[in-house]
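# Understanding the architecture of this molecule
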Amino acid sequence: GILVPRSMRERSVADLGIVLCDSTARYQDVGTDAAHRGRGLATHLLGVAAQWAAARDCTQWVIVTEETNAAGRVYRGVGFAPDSGSISAYRHPTH
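Definitions and limits used
Residues numbered from 1 in each chain as written. Predicted model: local features only at pLDDT ≥ 70, side-chain atom pairs only at ≥ 80, totals over all residues. Heavy atoms only, no water. Helix = DSSP H or I, 4+ residues; strand = E, 2+ residues; numbered from the N terminus. Buried < 20%, exposed > 50% of the residue type's maximum accessible area, 1.4 Å probe, protein only. Contact = heavy atoms within 4.5 Å. Areas by Shrake-Rupley, 256 points an atom, 1.4 Å probe, with all protein chains shown as cover. Pairing = 2+ DSSP bridges.

### Things to note about the overall build of the chain
Broken down by element type, the chain carries two helices and four strands. Its helices and strands taken in sequence order, the chain reads β-β-β-α-β-α from the N to the C terminus. The burial tally for the chain puts 21% of its 95 residues in the buried class. Across the chain, contacts joining residues at least 24 apart in sequence account for 45% of those joining residues at least 6 apart. Here the chain displays about 7300 Å² of accessible surface, and carbon together with sulfur accounts for 50% of that area.

### Points about the pairing of strand β2 (residues 12–21)
Pairing of β2 with strand β3 (residues 24–32), which is carried by seven bridges, proceeds in the antiparallel orientation. When the sheet's bridge partners are listed, L20 is paired in β3 with A25. In this antiparallel pair of consecutive strands, β2 and β3, the connection spans two residues, and D22 shows a positive phi of 55°.

### What about the environment of V74?
The topology assignment puts V74 in helix α2 (residues 72–77). Separated by 32 residues in the primary sequence, V74 and A42 have C-alpha atoms spaced 7.6 Å apart. The contact partners of V74, leaving out residues within four places of it in the chain, are A42, T43 and L46.

Printed below as a string of structure tokens:
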């Protein structure tokens, strides 16, 4: 995440998770604190994460989100495009 100076507060105002699966980088939990939106923080994190993943031989980047998610504008702005209108998720049953 991105930290603001200690004198202001010590908490992350933007963050992003990334999972590597072979040559695919899956972004997750991309977010910016409401008071800090519109400053390009998520866009910057997406770019840094893409460079990090490319350095680890990733050739495909994926973000899974709802079609109505307002962050879609940010994702499209850095080159992502919708792949399908719906997905299914499955969980292994616990015993």
